[in-house]
There are 2 protein chains.
Amino acid sequence: MLSGGVGGARFLQGLLHAQGAAGTDTEITVVANTADDLWLHGLKICPDLDTVMYTLGEGIDHERGWGRRDETWSVKEELAAYGGEAPWFGLGDRDIATHLMRTRMLDAGYPLTQVTAALCERWLTPGFGDRLRLLPMSDDRVETHIAVADDDAPSGRRVVHFQEYWVGMHAAVPAEAVIVVGQEKATPAPGVLEAIETADVVLLPPSNPVVSVGTILGVPGIREALRATTAPVVGLSPIVGGAHVRGMAEQLLGAIGVEVSAAAVAEHYGARSRDGVLDGWLVDTADAELVPRIEAAGIACRAVPLMMTDVDATAAMARAALELAAPAPPTRPAG
Amino acid sequence: MLSGGVGGARFLQGLLHAQGAAGTDTEITVVANTADDLWLHGLKICPDLDTVMYTLGEGIDHERGWGRRDETWSVKEELAAYGGEAPWFGLGDRDIATHLMRTRMLDAGYPLTQVTAALCERWLTPGFGDRLRLLPMSDDRVETHIAVADDDAPSGRRVVHFQEYWVGMHAAVPAEAVIVVGQEKATPAPGVLEAIETADVVLLPPSNPVVSVGTILGVPGIREALRATTAPVVGLSPIVGGAHVRGMAEQLLGAIGVEVSAAAVAEHYGARSRDGVLDGWLVDTADAELVPRIEAAGIACRAVPLMMTDVDATAAMARAALELAAPAPPTRPAG
């Protein structure tokens, strides 16, 4: 599974729930987006890796969907009192311990993949053993920056880190361009290509198609691996009824010239039979009328409820995705 | 004033109180011990600088005497859950913000003196303007290590950082030796020698004679500056009635072969007239019988109450120290 943060983590919970006891033999590799990562106050912060890790390790704040539960905010308060940078970023005290551990290991020379594995020994190993692996998409620095209009700048635009656009500015101004710094020189993290190559199924959860799944696909080699794998590749639309389930994301589709529709996103990913990466695509029942258009693009499509309102609803989505990936064998004719 | 942590900071509060409104023209330079400093979790921690800064900036936890008031401990709890190093060290969340700011500036290449000045802009500038300067004793890395007996080690001893001995082991085993790593190559921080040279009076508060005042005096150039200044140098005994006011310190005097007595510490510092650094020394009234012995060593001595029970008692100690430094002019004979 490729994954962004909150949406990917919730879908993964549903997938695990859907597998139930039968899933105890299932091996899942989660390849998480790291283009949202940032350095703040000397700390390396990996929001998507942490959201997946905390969600599956029962450490997440369920209401916010990110960060630690029972969180305190003393460090953030004090950093602001010192006039520290980026006071808009939600940096909780418990969360900071993760960043301190991570930064220390990175400074010691360990690649992010190994650092992530070490952190997961606390969060994932007790519950999942070796069956659930969390990998960053790359050990290299890849960072999404957003160009926004700025009348005060000589060029008329200003480029900010994705987190500043998303969290600091609440995506309240149009994104004129998405620039993924370092992407063309990045290589997939160890294990990523092998996981795609040897998978039985590859899932694209309803994560952001531009700054989550899009940045993973943009790491040279990953798109090619998805096109080459023998596993079916099935995605779930993050757009429901012509609106993004997580609202602000619409700004980003506009920046890459993609219409805000479940069909347009499917066409953007494209069919594997036509230079794309998808074999199947789930849209919400509200978008059922788009199914023929998507199938016309060479992508198998079903309309099912796609709102992750609770873990049962999400598990049903996961089952629908797995069914689309591997249709039940036709029932043997009677007699 | 040379200063350790808690004792030095409390004495400084008394000194400021004693000066009162009359002290608004007084310029005070505090040269703080940095040999207790340590790196933990990738953060540079300077306990004595911070204790002075927080105490004078009204941010200290009065009960503990160190660290921030209204402190929370979430980061420490989480670091321990990750199996992080030194779980015994009291690293509060608010305090960590200071260490993050400091570490960031040090990593950017600023020397500790400038980093300290930047942090003091929050804590000291609003209340004191330019009248109170806090300087580290050195910008160089100087670290007190303690040798303790260890039957499991081939040499029969083990060397630990001062903080591990003091905080981690509660100084519960004898200190066999005090090793101040880096001291002989250190140079005094910018401003330290000039402050001593141009002072009207130099005060040694009742800080630890081995690991606080002793390490400052050990930075090449500082002892010489104290011997050369035209200012009187007056100290206050941290030993009262043959016991250290802050108990564990007795272990350290033993390690350098100095008897636990107000007179022995004075003799250890020595008289300026005899290759030492002291002109005057205050002992507690409980040690009044030691005054002749100390004066015989060439050091002017008075016995006054030396327990810093509250700010008024501490202010009285500061006044007594200033009086010993600059005796009131003899009253003019009547007529």
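Residues numbered from 1 in each chain as written. Chains lettered and ligands numbered in written order. Predicted model: local features only at pLDDT ≥ 70, side-chain atom pairs only at ≥ 80, totals over all residues. Heavy atoms only, no water.

The name given to chain A in an unreviewed UniProt entry is 2-phospho-L-lactate transferase, and the organism recorded there is Nocardioides bigeumensis.

*Asks:* I tried to follow unusual backbone geometry on my own but got confused; where do I start?
*Replies:* As a rule of thumb, non-glycine residues mostly have phi less than zero, and peptide bonds are mostly trans rather than cis. Of note in the backbone geometry, Ala-86 of chain A takes a positive phi value of approximately 45° without being a glycine. Relative to the assigned elements, Ala-86 of chain A resides in the loop between helix H3 (74-81) and helix H4 (93-107). Unlike most non-glycine residues, Asp-275 of chain B shows phi in positive territory, near 70°. With respect to the element layout, Asp-275 of chain B can be found in the loop between helix H12 (262-269) and strand E13 (280-283). What makes Asp-275 of chain B exposed here is its relative accessible area of 63%. (Helix = DSSP H or I, 4+ residues; strand = E, 2+ residues; numbered from the N terminus. Buried < 20%, exposed > 50% of the residue type's maximum accessible area, 1.4 Å probe, protein only.)

*Asks:* Help me understand the interface of chain B and chain A, please; the structure alone is not making it clear to me.
*Replies:* Facing the 27 residues of chain B at the interface are 27 residues of chain A. The contact between chain B and chain A buries some 2,400 Å² in all, and 60% of this surface belongs to carbon and sulfur atoms. Among the residues chain B hides against chain A, the three largest losses belong to Glu-78, Tyr-82 and Leu-100 of chain B. Together they make up 29% of the total. Applying the counting rule to chain B against chain A returns 10 salt bridges. The residue Glu-78 of chain B makes a salt bridge to Arg-122 of chain A at a minimum N-O spacing of 2.8 Å. One can count 16 residue pairs in polar contact (both at pLDDT 80 or more) joining chain B with chain A. (Contact = heavy atoms within 4.5 Å. Buried area = accessible area lost by both parts, 1.4 Å probe. Salt bridge = Lys/Arg side-chain N within 4 Å of Asp/Glu carboxyl O. Polar contact = N/O pair within 3.5 Å; in protein donor to acceptor, adjacent residues only side chain to side chain.)

*Asks:* Can you help me understand the nonpolar core in this one?
*Replies:* The tendency in soluble globular proteins is for nonpolar side chains to be buried side by side. In terms of nonpolar packing, the biggest core is built from 108 residues, with Leu-134 of chain A together with Leu-134 of chain B touching the most fellow members. When neighbours within four sequence positions are excluded, Leu-134 of chain A is seen to be in contact with Val-30, Ala-32, Leu-49, Val-52, Met-53, Thr-116, Cys-120 and Leu-124 of chain A. (Core = buried A, V, L, I, M, F, W, Y, C linked by side-chain atoms within 4.5 Å.)

*Asks:* Hey, could you run me through the domain arrangement of chain A in this one?
*Replies:* Think of interface size as the accessible area that goes away when the parts come together; that is how it is often given. All names here are of chain A. One can read the domain layout of chain A as domain 1 (36-136), domain 2 (143-181) and domain 3 (185-325). Each partner contributes to the roughly 390 Å² buried at the junction of domain 1 and domain 3, and carbon and sulfur atoms together form 49% of this total. There are 0 salt bridges connecting domain 1 and domain 3. The interface formed by domain 1 and domain 3 contains 0 residue pairs in polar contact (both at pLDDT 80 or more). In terms of residue count, strand E5 (residues 132-136) provides more of the side of domain 1 that touches domain 3 than any other element does, 3 residues in total. Tallied by class, residues from the side of domain 1 that touches domain 3 come to 2 nonpolar, 1 polar and 3 charged. (Domains from an automatic or database assignment. Nonpolar A, V, L, I, M, F, W, Y, C, P; charged D, E, K, R; others polar.)

*Asks:* I keep staring at helix H1 (residues 6-19) of chain B and nothing clicks. Help me out?
*Replies:* One turn of an α-helix holds 3.6 residues; hence residues three or four places apart share an orientation. All names here are of chain B. Taking 1.5 Å of rise per residue, the 14 residues of H1 would be expected to cover 20 Å, and the 20 Å separating its terminal C-alpha atoms lies within 8% of that figure. Counting buried residues along H1, 10 of its 14 residues qualify, which places the element largely inside the surrounding structure. Listing the buried residues of H1 in full gives Val-6, Gly-7, Gly-8, Ala-9, Phe-11, Leu-12, Gly-14, Leu-15, Ala-18 and Gln-19. Those residues of H1 that are buried lie in contact with strand E1 (2-3), strand E2 (28-32), helix H2 (47-56), strand E9 (202-204), strand E10 (233-236) and helix H14 (311-325). Within two residues after H1, Gly-20 carries a phi angle of roughly 55°, on the positive side. (Expected span 1.5 Å × (residues − 1).)

*Asks:* What am I meant to see in helix H14 (residues 311-325) of chain A here?
*Replies:* All names here are of chain A. For H14, built from 15 residues, the straight-helix expectation of 21 Å at 1.5 Å per residue is met to within 8% by its first-to-last C-alpha distance of 21 Å. Considered for burial, the residues of H14 that qualify are Thr-314, Ala-315, Met-317, Ala-318, Ala-320, Ala-321, Leu-324 and Ala-325. Summarising the contacts, the buried residues of H14 are in contact with helix H1 (6-19), strand E9 (202-204), strand E10 (233-236), strand E13 (280-283) and strand E14 (300-303). Where H14 begins, one side-chain oxygen reaches toward the backbone nitrogen of Asp-312, 3.0 Å away; that side chain belongs to Asp-310.

*Asks:* Would you mind showing me how to read the sheet that holds E5 of chain A here?
*Replies:* The strands making up a sheet associate through backbone hydrogen bonding, with each pair oriented either parallel or antiparallel. Residue and element names in this part refer to chain A. With parallel pairing, the 3 strands of this open sheet are ordered in space as E1-E2-E5. With one partner strand each, in any of the chains shown, strand E1 (2-3) and E5 form the two edges of the open sheet. Here 2 bridges tie E1 to strand E2 (residues 28-32), and the two strands are oriented parallel to one another. Looking at E2, one finds that Leu-2 is bridged to Val-31. On the sheet, helix H2 (residues 47-56) packs against E1, E2 and E5 and is oriented at approximately 165° with respect to E5. (Pairing = 2+ DSSP bridges. Axes fitted to C-alpha atoms, helices over the stretch in contact; angles between N-to-C directions.)

*Asks:* Just to check I follow, could you spell out the pattern of salt bridges for this structure?
*Replies:* Oppositely charged side chains can form a pair if their charged atoms are brought close together. The tally for this structure, following the rule as stated, stands at 30 salt bridges over all chains. Where Arg-158 of chain B meets Asp-150 of chain B, a salt bridge forms, and the shortest distance between an N and an O atom there is 3.1 Å. Looking at Arg-158 of chain B, the relative accessible area reads 34%, which means it is partly exposed. Judged by relative accessible area, Asp-150 of chain B falls into the buried class, the value being 16%. Each of the salt bridges in this network shares a partner with another, and the network as a whole consists of Arg-68, Arg-94 and Arg-122 of chain A together with Glu-77 and Glu-78 of chain B.

*Asks:* In this structure, what is going on with the pairing of E10 of chain A? I would like to understand it.
*Replies:* Along any regular strand the residues' side chains alternate between the sheet's two faces. All names here are of chain A. Because side chains alternate across E10, one face comprises the buried residues Val-233 and Gly-235, and the other comprises Val-234 and Leu-236, equally buried. Where E9 meets E10, 3 bridges bridge the pair, whose relative direction is parallel. Considered in E10, the bridge of Val-202 is made with Val-233. Note: E10 against E13, 3 bridges, orientation parallel. Looking across to E13, one finds that Leu-236 is bridged to Leu-282.

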